[in-house]
Amino acid sequence: MDDKPEPMTNRSALRRLLAFARGHWRIAAGQFALAVAGTLLIFVFPGVVRWFMDEIIPQKRSDLIWRAGGLALLAFTVREVLFYFRTRVNCTFEQRMITDLRSQLHRKVELLPLGWFDHQSTGDILTKLADDVPATQRVILEGIEQGCTAVLQIIITAIVMLVADTQLALIVLAPTPLIAAGGWIYSRWVSPRATAAREATSVLNATLHDTITGIRQIKSFTAEEMRQWKFLAASQRLQEKQTRLMAAWAFYSPSMTLLGNGGLVLLLMAGSWWCVKGSMTPGQLMEFILLVGFLYEPIARLHGVNQTLLNGLSAAKRVFAILDNETEEDLDAGQPLDALRGEVEFNAVTFSYRADKPVLHDITLRAARHQTIAIVGATGSGKSTLFQLLTRFYDPQSGTITLDGTPIQNLSKRALRQSLAYVTQEAFLFAGTVRDNLLIGRPSATDDERRAPAPRPRPRLPQRRPHPPARRSHLRRRCEIRAPHPDRPRPTPRQPHQPHHRPSPQHHRPGRCHLRSPPRPHPRQRHA
Ligand SMILES: Nc1ncnc2c1ncn2[C@@H]1O[C@H](COP(=O)(O)OP(=O)(O)O)[C@@H](O)[C@H]1O
Ligand SMILES: [Mg+2]
């Protein structure tokens, strides 16, 4: 997990994105065909203008005015109809791509091993899902669709110009190498800075996420000011990065437009000179001036596309970096669990999250069927880690853990996890209703099963007055205890032969091993 893969280049990210779009090639091809047809139609109008200037007006052919006007109007109409269809196809393509990529990413995040999350901030992952996926998809849409059509328009216009008048065409095309060089330099400068800006956005989101999830801690430690400073620092960093990017864009965009307009002025001067000399008609010059618009408009568009592309490729690299991680092994690989007795054994188990920091060393313990064991120890001594190993969220470096005598590595992770009831230290409610939360562990539970009284979340401690439980956290714990039920019939909560005994979760769950992590200490006593 620590050896970092080589950073992905823009080119390899683009190649992968194209491979991704290949799954939707029919729709992409349709979109491209519509774009080409629309591009070809723009050349009708300059031709019609030239017809007016050089034939209809000088030869006083008023009979041709309707025909020429009608032709121009027809070309414009067909172009806009094609545009309508192109926009529709575009939307479909866009939404299919983005849905595909987003669901792949979500699936990946679900399947990644827990160890991966230890090195990520939630804000960063959320930024990748919420911001980077749409930015990535803009590479396909703008970069490929807009970029290709712009390049196509430039090539076709250049050919039409060269055929119409080579000399004038060369004058008009003179600034294009400079414009291309400008675009190249800009891309090289912007690319790493766009990546840095995306990372700064992630840091900001991570800070905001921490503030929201840790709001109780912030309030209880009166750490509002400190958090605000932290947020401001992240916010200012992002501001600096974005300002630098926009400053570069503010210089790049008008410089390129100026180069283009310089070409236009040159054309007007040279064309007028040839008109005065009689080697060119005003109609030809007019046609050229209109054609120049068709040449420089897509060039200007390419600058915007360049910007989007660079931004999108930075996002794509971040998205692919997640997709390239190895997922957990198949949840269903391994033996199923048939009849569960519930005997757990740890034999000489040694484990550490990081090589330099041992957590469990040579632990041996046995929990017999129906036995209740309390594991007591200081915060950070490794109690929760025992459960993390038993659920196979992590695997020990040495030693074995067995369930009913079978090493848990041989069991399917799904069967293993479904056989355990685990009340986590940090309770969590999914967005939605209480009902939705109760059904997480067993979506097929009937309403009666769901309404059956939930066990008390904690045994009452006789010596101490309990804190009045916050409604929400109390509710959370109730949901958690109820949620992970397997697809097995639920026994009645109170056993008739134990009338005075308050049932703990395990008394309701004969089909599972029951382990509870110790109650959550007061935040001030906790380890960071
Ligand atoms: N995901 C993790 N990555 C790295 N270290 C961890 C992780 N979880 C816990 N630890 C460390 O492992 C040790 C044991 O933690 P834990 O099992 O949570 O203790 P306990 O539950 O007894 O309070 C602590 O030093 C803790 O900082
Ligand atoms: Mg713990």
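In this text the structure is predicted, and so the values were computed from the model without any measurement.

What counts, and at which threshold
- Residues numbered from 1 in each chain as written.
- Chains lettered and ligands numbered in written order.
- Predicted model: local features only at pLDDT ≥ 70, side-chain atom pairs only at ≥ 80, totals over all residues.
- Heavy atoms only, no water.
- Phe/Tyr/Trp six-rings, centres within 6.5 Å; stacked < 30°, edge-to-face > 60°.
- Helix = DSSP H or I, 4+ residues; strand = E, 2+ residues; numbered from the N terminus.
- Buried < 20%, exposed > 50% of the residue type's maximum accessible area, 1.4 Å probe, protein only.
- Lys NZ or Arg CZ within 6 Å of the ring centre and 35° of its normal.
- Near = heavy atom within 4 Å.
- Polar contact = N/O pair within 3.5 Å; in protein donor to acceptor, adjacent residues only side chain to side chain.
- Areas by Shrake-Rupley, 256 points an atom, 1.4 Å probe, with all protein chains shown as cover.
- Nonpolar A, V, L, I, M, F, W, Y, C, P; charged D, E, K, R; others polar.
- pLDDT = per-residue confidence, 0-100.
- Contact = heavy atoms within 4.5 Å.
- Pairing = 2+ DSSP bridges.
- Axes fitted to C-alpha atoms, helices over the stretch in contact; angles between N-to-C directions.
- Parallel < 35°, antiparallel > 145°, perpendicular 65-115°, else oblique.
- Left-handed = near helix turned anticlockwise from the far one by under 90°.
- Expected span 1.5 Å × (residues − 1).
- Bend = angle between axes of the 7 residues up to and from the residue.
- Core = buried A, V, L, I, M, F, W, Y, C linked by side-chain atoms within 4.5 Å.
- Salt bridge = Lys/Arg side-chain N within 4 Å of Asp/Glu carboxyl O.

Engineer: I'd like a description of the packing of aromatic side chains, backed by residues and values.
Structural biologist: By convention here, two paired aromatic rings are described through the distance between centres and the angle between planes. If you walk through the whole model with that rule in mind, you get ten aromatic pairs. Judged by centre distance (5.9 Å) and plane angle (45°), the ring pair of Trp249 and Tyr252 falls under tilted. Of this pair, Trp249 and Tyr252 both sit in helix 10 (residues 224–277), three residues apart, which is roughly one turn of that helix. Since its relative accessible area comes to 5%, Tyr252 is described here as buried. In this structure an aromatic cluster arises from ring pairing among Tyr186, Trp249 and Tyr252. The lysine or arginine in question, Arg16, covers the ring of Phe320, its NZ or CZ lying 4.1 Å from the ring centre. Above the face of the Trp189 ring, Arg193 is positioned so that its terminal group lies 4.1 Å from the ring centre.

Engineer: Explain the site of ligand 1 to me, and be specific about the residues and the numbers.
Structural biologist: Near ligand 1, the surroundings consist of 13 residues, among which Gly380, Gly382, Lys383, Ser384 and Thr385 are the closest. Here an oxygen atom of ligand 1 and a side-chain polar atom of Lys357 are 3.5 Å apart. In this structure, an oxygen atom belonging to ligand 1 sits 2.9 Å away from a main-chain N or O atom of Gly382. When isolated, ligand 1 has an accessible area of 560 Å², and the protein chains bury 72% of it. Mapped by element, the contributors of at least two residues to the shell around ligand 1 are strand 2 (357–367) and helix 12 (383–390). When residues of the shell around ligand 1 are assigned to their parent elements, the largest contribution, three residues, is made by helix 12. Considering only residue class, the shell around ligand 1 consists of four nonpolar, six polar and three charged.

Engineer: Quick rundown of the confidence of the model for the chain? Include the residues and the values.
Structural biologist: With 84% of its residues at a pLDDT of 70 or more, the chain shows a mean pLDDT of 80. In the model, residues 479–511 has pLDDT below 50 throughout and makes 76 contacts with residues more than four positions away in sequence or in other chains. pLDDT under 50 marks residues 513–528. Its contacts with residues more than four places away, or in other chains, come to 46 contacts.

Engineer: Tell me about the side chain of Thr157, residues and numbers included.
Structural biologist: Mapped onto the elements of the fold, Thr157 is located in helix 6 (residues 122–164). Residues in contact with Thr157, not counting those within four places in the same chain, are Phe43, Leu291, Phe294 and Leu295.

Engineer: Which residues make up the sheet that holds strand 2, and what values go with them?
Structural biologist: Each strand in a sheet pairs with its neighbour through backbone hydrogen bonds, running either in the same direction (parallel) or in the opposite one (antiparallel). Taking strand neighbours across the sheet as the criterion, the four strands line up as 2-1-3-4 in an open arrangement whose pairing is antiparallel. Unpaired on one side and paired on the other, strand 2 and strand 4 (406–407) mark the two borders of the sheet. With five bridges connecting them, strand 1 (residues 344–354) and strand 3 (residues 398–403) associate as antiparallel partners. Within the sheet, the bridge partner assigned to Asn347 lies in strand 3 and is Thr400. Docked against the sheet, helix 12 engages strand 1, strand 2 and strand 3, running at close to 105° with respect to strand 1.

Engineer: Can you explain the packing of helix 4 (residues 65–111) against helix 11 (residues 282–323)? Please cite residues and give values.
Structural biologist: Two numbers describe how helix 4 lies on helix 11: the axes approach to 9 Å, and their chain directions differ by 40°. The pairing of helix 4 with helix 11 is recorded here as oblique in orientation. Regarding helix 4 and helix 11, the two cross each other, and that crossing is left-handed. Mapping the contact onto sequence places Leu101, Gln104, Leu105, Lys108 and Val109 in helix 4 and Val319, Ile322 and Leu323 in helix 11.

Engineer: Could you give me a rundown of the side chain of Lys413, with the residues and numbers involved?
Structural biologist: Inspection of the secondary structure puts Lys413 in helix 13 (residues 413–418). Take Lys413: its relative accessible area is 5%, and that puts it in the buried class. If we ignore the near neighbours within four places in the chain, the residues touching Lys413 are Glu328, Glu329, Leu331, Ala333 and Arg392.

Engineer: Requested: an account of helix 8 (residues 176–213), with residues and values cited.
Structural biologist: Between the first and last C-alpha of helix 8 there are 53 Å, a value that for 38 residues agrees with the 56 Å anticipated at 1.5 Å per step. Along its length, helix 8 shows its largest kink, about 35°, at Val190, and proline Pro192 lies within four residues downstream of that point.

Engineer: I'd like a description of the nonpolar core, backed by residues and values.
Structural biologist: The biggest cluster of nonpolar side chains holds 33 residues, and the ones touching the most others in it are Met161, Leu168, Val172, Phe288, Leu295 and Tyr296. Breaking this core down by element, the ones donating at least two residues are helix 6, helix 7 (166–173), helix 8, helix 10 and helix 11. Per-element accounting of this core gives the leading share, nine residues, to helix 11. When residues no more than four places from it in sequence are discounted, the contact partners of Leu168 are Leu267, Ala270, Gly271, Trp274, Met280 and Phe288. Counting 25 residues, the second largest nonpolar core, distinct from the first, contains Ala21, Phe93, Leu112 and Ile125.

Engineer: Pulling in residues and values, what's your account of unusual backbone geometry?
Structural biologist: Even without being glycine, Lys60 reaches a positive phi, approximately 50°. Considering the arrangement of structural elements, one finds Lys60 in the loop between helix 3 (44–56) and helix 4. Since its relative accessible area comes to 70%, Lys60 is described here as exposed. Positive phi values are uncommon outside glycine, yet Asp362 reaches one of about 50°. Tracing the backbone through its elements, the reader meets Asp362 in strand 2. The class for Asp362 is partly exposed, based on a relative accessible area of 46%.

Engineer: Any details on the pattern of salt bridges? Residues and values, ideally.
Structural biologist: Tallied over the full model, the rule gives 18 salt bridges. As a salt-bridge pair, Asp124 and Arg318 come within 3.4 Å of each other at their nearest N and O atoms. In this pair, Asp124 sits in helix 6 while Arg318 sits in helix 11, placing the two residues 194 residues apart along the sequence. Accessibility classification places Asp124 together with Arg318 in one group, the buried group.

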